[in-house]
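Chain and residue survey
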Amino acid sequence: MCTAEATASLLQVEETFSACLARIDALILKPLLQAEPTDQKGKENLKLFLLLNDRFQALWNLTEENYRILKQKCSTSESFCIQDIYTVWKGDLFLNLYIQYFITFANYVVVHGFEHATKSKSEAWKHHKTVLKQFLTDFTSETSMSMALYTVLHKPIRDHIMQYILLLTKLNEVLKEGSEKDVVTSAIKEYMKLESFVSQVLDEACFTKSLWKSLGYKFTDMLCVPERRLLEDSKNLPISASTNRSDRILLFDDVLVLIQGNSFQSFDLKLVWVDENCRKKSAPGLYGLRIVTPEETFFLSAKDPQMKAVWQWKLNQAVRQALNGKRDFPLWGKTGEGTEPPSCRFFTYVFKLEGKFKSASYEGEWHWGKPHGKGTLKWRDGRNHVGDFKEGLEHGFGICLVPRRSEDRYDCYKCHWYKGKMRGYGICEYGNDTVYKGYFKDDMRQGFGILENCSAEHPFKYTGQWENDKKNGYGVWEDKDRGERYIGTWLDDHKHGQGIVVTQSGVCYQRTFHADKMVGSGILLLEDDYIYEGNFTEDLTFVGKGKLSFANGFILEGTFTNKSGQGLQTHGILNTSNEQLDDRITKAQLGLEDFPVEKRWKGIYDQFLEFIHSGCKEETEESFMGFHIQTSKELRKSQEYLFCQRGTEDVSWKIEEILEEVVQHQGLESLPSYLEKALKSSLHPLGKLLKALTIAFQATYSGIGANKHLLTMAQEEIKYYAKKIWEFYQGLLRLALEQKGQLPEKHVEEDISDQKACSMVLPLILPCFYPELFMLYMLYHEREDDLYCQGIMDLSLFPDIKLLEFLDVQKHLWPLKDLTLTTNQRRSLIKDKCFLSATECLQKLITTVDPREKLVILQKTYKEIESTVSRVVEKDYKLPMDDLLPLLMYVVSRAKIQHLGAEIHLIRDLMDPTNQGGLYDFLLTALESCYEHIQRMRLHQRENCHVTHSS
């Protein structure tokens with residue numbers, strides 16, 4: 001058969017088939033469509049029949065179109081090619097229409113559509129009944145009208161598919177090898193699949209129809225839907241459920257049904273997992289399958305392995321096809337094989353049984369019957385949780401909204417979760433305008449955290465330790481209404497134990513607290529440098545026995561009373577024997593013994609220590625060390641950084657890269673630069689630790705906390721920060737070496753460790769704390785710096801020559817050549833020209849925060865003085881101490897550094913211990929001597945003036 005003959009044969013077949021479809025339409029479909037059902041079932045069936053009619057009309061229209069195209073081709077052309085055969089060229093269109101028709105036809109069969117249709121009482125149907133019977137005898141000898149209808153509406157169409165296959169097969173036999181033969185071969189395969197598909201669809205429909213007949217009305221009404229197909233029945237292929245939970249098991253293409261007596265359970269196949277390797281041992285002689293669903297797990301047992309294998313295969317294929325949203329083509333694959341369904345899925349489910357998720361709707365990823373991956377939980381009461389799940393519980397980062405009962409607001413938790421409970425770092429925005437940023441454990445605030453209320457009514461901020469959802473341990477409370485800051489210990493949300501209160505006016509006191517109430521005696525430091533030791537009230541009124549020490553050294557000791565209208569009264573002794581300023585009084589320091597530095601901010605260190613002990617797993621990084629994130633927006637970005645594809649960055653700081661770099665840079669040459677880079681990065685564990693410590697430090701010592709009586713507390717705190725950061729660096733290094741199978745170095749002596757922390761880490765972290773720390777130094781040395789500044793002002797009035805002379809600088813060292821004269825100018829009046837380079841060098845002292853760099857500037861200043869002197873004497877000249885001090889004092893007076901006392905003492909307190917006793921120490925001592933000498937000069941002037949006025 002050539003292509004022309006095939007085309008002619010196909011034309012004849014299409015003409016015959018089209019005529020057949022016309023008769024079916026006229027004698028069957030039209031009369032049936034005129035039916036007017038009155039019952040609900042009849043109305044539903046009519047809707048389905050209308051859809052079947054639409055599918056029939058589409059099939060008929062396609063046949064007619066194919067017939068017209070073929071006829072036109074035959075009448076106008078003598079040569080033919082494969083493209084002229086519409087069934088090949090438009091094969092997909094043909095297949096799709098036939099598939100749609102037979103699926104709709106099968107749906108109508110399942111709901112007993114033909115049985116209901118033949119019972120129609122409409123006049124149109126009665127009129128056509130006789131003609132219809134005559135027409136149907138051509139197709140079947142069956143007396144049943146419904147069976148006749150069933151046959152006539154599918155048999156001619158199935159026969160037509162077989163005619164397509166025969167025609168294409170004959171054509172394929174005569175075609176030569178090539179592209180045309182390949183196209184026809186492929187078309188034959190698809191039509192053969194269609195024939196197999198139709199056969200399977202009709203078998204399933206009849207199988208399902210028989211089931212609905214055998215079941216009672218109760219089950220049929222609830223389970224029967226047109227699209228549902230029965231795939232297997234335990235009555236046909238015996239299998240039983242565990243613990244007598246069912247009499248019959250039905251596998252449909254969308255649900256698994258267990259029938260027990262007059263009730264049943266159904267399980268959506270999209271959320272059914274089949275495990276053949278179930279751990280539970282079956283009874284002797286039985287072969288089991290474990291069925292996993294979101295809320296229940298049960299076992300199916302078969303008597304022989306073949307039955308188990310068939311059920312397992314059918315279950316898996318049904319689940320897979322349900323997940324795909326369509327049946328296979330053919331229904332069970334090419335030869336019956338198929339891949340197993342994925343264990344990870346995405347679906348929506350409403351929990352029904354008692355438990356944490358009862359009545360909650362979960363939409364998201366699943367794994368073996370449990371929420372696992374990304375998902376959203378929504379409860380009826382308005383709660384919802386969006387985030388990560390693991391094995392059925394919230395695990396990882398999540399956002400949870402909890403409605404408040406009494407008001408139309410929500411508490412919003414943006415937190416890390418562990419096995420269903422909040423654990424790790426999170427931000428909670430409560431509905432009452434309060435925000436908590438800190439750590440959680442078992443759904444409670446635990447560890448270090450910040451609670452802040454920025455509302456206008458009662459603004460406050462707590463920074464410190466939490467335990468069991470309450471303020472416990474060391475913490476800082478700021479009451480912005482009262483202008484007070486409490487620094488001390490807490491117990492169950494109350495100030496309890498030793499505490500320091502700092503006020504906006506500069507007054508501060510240390511007292512013992514019990515449940516927010518002051519008890520016992522305390523120390524009160526007043527703004528005019530008076531110290532009161534004894535009992536006092538909350539409004540700072542002296543009561544009972546006490547001792548008042550004045551700044552001038554006088555001491556009043558006795559009993560104090562404060563009667564209404566009479567003011568403060570005392571009965572005691574005033575000691576005036578010591579009439580001089582007493583630094584013990586004016587510069588008293590609080591909190592040193594009561595708040596050991598190692599017990600402050602323990603909650604911060606514990607998180608980082610736990611992270612290292614956990615092996616620095618990347619998925620736990622933000623949970624342990626998220627405190628560098630201070631806004632909800634940053635927290636979300638952080639999660640995107642953690643769990644999504646990372647962009648290219650200059651420093652990516654993945655944990656594995658961090659551990660690798662720690663090993664690479666452990667040498668003394670590269671370690672400082674590595675530590676500097678790590679501490680500046682908000683993505684490195686050390687940088688995150690530094691950020692958290694910075695927040696704690698600022699909460700204590702900035703603003704109201706800027707009080708000179710807290711300087712030593714702050715100073716030792718920063719040194720301890722450096723020590724802990726060094727320890728954590730050592731911990732990272734040990735872990736990295738262990739993971740590489742290398743042995744870490746032996747334990748370093750604690751003194752050496754402290755020295756390394758001070759010399760290497762302290763200068764790197766100091767810029768983070770410098771503004772608050774230097775403010776404390778300025779306040780602490782305010783009186784001395786005032787004297788010094790006044791002395792500088794006095795010395796600045798001197799011209800250069802007069803000042804050199806006044807300071808007893810030897811004349812042969814004066815740089816007179818630097819005194820360039822202009823018109824009408826005398827040398828004796830020139831100012832700010834001598835030792836100008838050294839002066840400008842010393843002025844750079846305030847441009848850096850690093851004690852090391854400040855000492856280097858001091859050394860350069862010394863070199864500049866020496867260089868100027870060598871130029872003057874025209875030879876290398878090493879300055880002896882007797883010459884250095886007057887010259888350095890000249891440079892200091894001209895540099896006019898405002899807070900030189902604060903600078904000197906900061907350098908002295910925080911300098912590298914290895915520099916003690918060396919050149920740097922010598923130069924710093926010389927600078928200190930100049931500073932003190934300038935103070936004494938001013939003090940003597942003040943005393944002389946006082947004597948003169950007295951005279």
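Along each chain, residues carry numbers from 1 onward, in the same order as the chain's sequence is written. With the structure being a predicted model, the display of local features is reserved for residues of pLDDT at least 70 and the display and counting of side-chain atom pairs for 80 or more, all residues being used for whole-chain, interface and lining totals. Hydrogens and water molecules were not included; the side-chain quantities draw on all heavy atoms of the structure.

**Structural notes on the overall build of the protein chain**
Under the convention used in this document: Counting from the N terminus, the helices are the DSSP runs of H or I reaching at least four residues and the strands are the DSSP runs of E reaching at least two. Here the term buried applies to any residue with accessible area under 20% of the maximum for its type, exposed to any over 50%, and partly exposed to those in between, with areas from a 1.4 Å probe on protein chains only. In this analysis, two residues are considered to be in contact whenever any of their non-hydrogen atoms come within 4.5 Å of each other. Accessible areas in this description were obtained via Shrake-Rupley with a 1.4 Å probe; residue shielding takes into account the shown protein chains only.
Looking only at helices and strands, one finds 27 helices and 27 strands in the protein chain. Taken across its 951 residues, the protein chain has 50% of its residues classed as buried. Considering only intrachain contacts with a sequence separation of at least 6, the fraction spanning at least 24 residues in the protein chain is 53%. Accessible surface, the protein chain: about 46900 Å² in total, of which carbon and sulfur atoms supply 51%.

**Brief notes about the nonpolar core**
Convention followed: Note on terminology: a nonpolar core comprises buried Ala, Val, Leu, Ile, Met, Phe, Trp, Tyr and Cys residues joined through side-chain atoms within 4.5 Å.
One finds Ile765 and Leu773 to be the most contacted residues of the largest nonpolar core, which totals 79 residues. Residues in contact with Leu773, not counting those within four places in the same chain, are Phe697, Leu711, Ala714, Gln715, Ile718, Leu766, Leu906 and Leu910. Ranked by size, the runner-up nonpolar core spans 73 residues in total, among them Cys20, Tyr101, Ala187 and Leu194.

**A short note on the environment of Ile399**
With respect to the helices, strands and loops of the structure, Ile399 is situated in strand E13 (residues 393-403). Relative accessible area serves as the criterion here: at 15%, Ile399 is assigned to the buried category. A C-alpha to C-alpha distance of 5.5 Å links Ile399 and Tyr413, two positions 14 residues apart in sequence.

**A closer look at the sheet that holds strand E5 (residues 263-268)**
As a reminder of what qualifies: The pairing criterion is simple: DSSP has to find at least two bridges between the two strands. As a rule, the C-alpha atoms of each element are fitted with a line to give its axis, helices using only the stretch in contact, and angles between N-to-C directions run from 0 to 180 degrees.
Strands sit in the order E1-E3-E4-E5 across an open sheet of four strands; the sheet is antiparallel. Two strands lie at the open edges of the sheet, namely strand E1 (230-233) and E5, each paired on one side alone. If you compare each strand with its neighbour and ignore which way they point, the axes differ by 20° on average. In this sheet, E5 lies alongside strand E4 (residues 255-260) in antiparallel orientation, the contact comprising six bridges. Counted as the bridge partner of Ile259 is Phe264 from E5. Here helix H9 (residues 179-214) sits on the sheet and contacts E1 and strand E3 (248-252); the angle it forms with E1, its principal contact strand, is near 60°. Against the sheet, helix H11 (residues 305-324) engages E1, E3 and E4, with an angle of about 40° to E3.

**A short note on helix H8 (residues 155-174)**
Just so we agree on the cut-off: Multiplying 1.5 Å by the helix residue count minus one yields the expected span of that helix.
Taking 1.5 Å as the rise per residue, H8 with 20 residues should run 28 Å; its terminal C-alpha atoms sit 30 Å apart, in good agreement. Those residues of H8 not exposed but buried are Pro156, Ile157, His160, Ile161, Tyr164, Ile165, Leu167, Leu168, Leu171 and Asn172.

**Observations concerning the sheet that holds strand E2 (residues 240-241)**
With antiparallel pairing, the four strands of this open sheet are ordered in space as E2-E8-E7-E6. Since the sheet does not close on itself, it has two edges, and those belong to E2 and strand E6 (273-275), each with one partner. Strand direction decides the pairing type here: E2 and strand E8 (residues 297-302), joined by two bridges, are antiparallel. For Ser240, the partnering residue across the bridge sits in E8 and is Ser301. The strands that H11 touches are E6, strand E7 (287-292) and E8; relative to E7, the one it contacts most, it runs at about 20°.

**Notes on the packing of aromatic side chains**
Each aromatic ring pair is characterised by the separation of its centres together with the angle its planes make. Applicable threshold: Pairing of aromatic rings covers Phe, Tyr and Trp, the last counted by its six-membered ring, and requires centre-to-centre distances within 6.5 Å; plane angles under 30 degrees mean stacked, over 60 mean edge-to-face, and any other angle means tilted. Note on criteria: charge over ring means Lys NZ or Arg CZ within 6 Å of the ring centre, with the direction from the centre no more than 35 degrees off the ring normal.
Enumeration according to the criterion identifies 54 aromatic pairs in this entry. Aromatic side chains Tyr436 and Trp466 sit 5.3 Å apart centroid to centroid with 85° between the ring planes, which places their arrangement in the edge-to-face category. With a gap of 30 residues between them, Tyr436 in strand E16 (residues 434-441) and Trp466 in strand E18 (residues 460-467) connect regions that are remote in the sequence. In this structure an aromatic cluster arises from ring pairing among Tyr413, Tyr430, Tyr436, Phe440, Phe460, Tyr462, Trp466, Trp477, Tyr486, Trp490 and Phe513. Its end group placed over the ring of Tyr605, Lys724 keeps NZ or CZ at 5.4 Å from the ring centre.

**Description of the packing of helix H23 (residues 836-843) against helix H24 (residues 851-873)**
Heads up, the condition is: With respect to orientation, any angle under 35 degrees is reported as roughly parallel, any angle over 145 as roughly antiparallel, any angle of 65 to 115 as roughly perpendicular, and every other angle as oblique. Residues were grouped as follows: Ala, Val, Leu, Ile, Met, Phe, Trp, Tyr, Cys and Pro as nonpolar; Asp, Glu, Lys and Arg as charged; and all remaining residues, including Gly, as polar.
Contact geometry for H23 and H24: axes closest at 8 Å, N-to-C directions at 175°. As judged from the angle between their axes, H23 and H24 are roughly antiparallel. Contacts between H23 and H24 involve Ser837, Ala838, Cys841 and Leu842 on the former and, on the latter, Ile857, Leu858, Lys860, Thr861, Glu864, Ile865 and Thr868. Residue composition of the contact of H23 with H24, grouped by class: six nonpolar, three polar and two charged.

**Quick look at the pairing of strand E25 (residues 542-549)**
In the sheet, strand E24 (residues 531-536) pairs with E25 via five bridges, with the strands oriented antiparallel. Each bridged residue has a counterpart across the sheet, and for Tyr532 the counterpart in E25 is Leu548. Linking E24 to E25, which pair antiparallel, is a turn of five residues; within it Leu540 sits at a positive phi near 65°. Where E25 hands over to strand E26 (residues 555-563), the hairpin turn is made up of five residues, of which Gly553 adopts a positive phi near 100°.

**Quick notes on unusual backbone geometry**
Peptide bonds are mostly trans, and most non-glycine residues show a negative phi. Even without being glycine, Asp493 reaches a positive phi, approximately 75°. Among the structural elements, Asp493 can be located in the loop between strand E20 (484-491) and strand E21 (494-503).

**Observations concerning the confidence of the model for the protein chain**
For clarity, the cut-off: Per-residue confidence from the predictor is reported as pLDDT, which spans 0 to 100.
Across the protein chain, pLDDT averages 84, with 86% of residues at or above 70. For residues 946-951, every residue scores under 50 in pLDDT, and the model assigns this stretch zero contacts once sequence neighbours within four places are set aside.

**Quick look at the pattern of salt bridges**
Put simply, the rule is: Within this document, salt bridges are pairs made up of a side-chain nitrogen of Lys or Arg and a carboxyl oxygen of Asp or Glu, the two lying within 4 Å of each other.
Using the criterion set out here, one finds 40 salt bridges in the structure. Here Arg228 and Asp254 are joined by a salt bridge, their closest N and O atoms 2.9 Å apart. Residue Arg228 is located in the loop between helix H10 (217-223) and E1, and its partner Asp254 is located in the loop between E3 and E4; the two are separated by 26 residues in the primary sequence. Note on Asp254: relative accessible area 26%, which makes it partly exposed. Of the charged contacts, one joins Asp253 and Arg327 as a salt bridge, the two residues approaching to 3.8 Å between their closest N and O atoms. Note that Asp253 is positioned in the loop between E3 and E4 and Arg327 in the loop between H11 and strand E9 (344-350), a separation of 74 residues in sequence. Looking at Arg327, the relative accessible area reads 23%, which means it is partly exposed. It is possible to trace a salt-bridge network through shared partners that takes in Glu204, Asp253 and Arg327.

**Quick notes on a nonpolar patch on the surface**
Note the threshold: Residues enter patches when they are more than 30% accessible in relative terms and free of salt bridges; like-charged ones are connected within 9 Å and nonpolar ones (Val, Leu, Ile, Met, Phe, Trp, Tyr) within 5 Å.
A contiguous nonpolar patch, built from Met881, Leu919 and Phe922 and spanning about 240 Å² of accessible area, is present on the exposed surface. Along the polypeptide, Phe922 turns up in helix H27 (residues 919-950).

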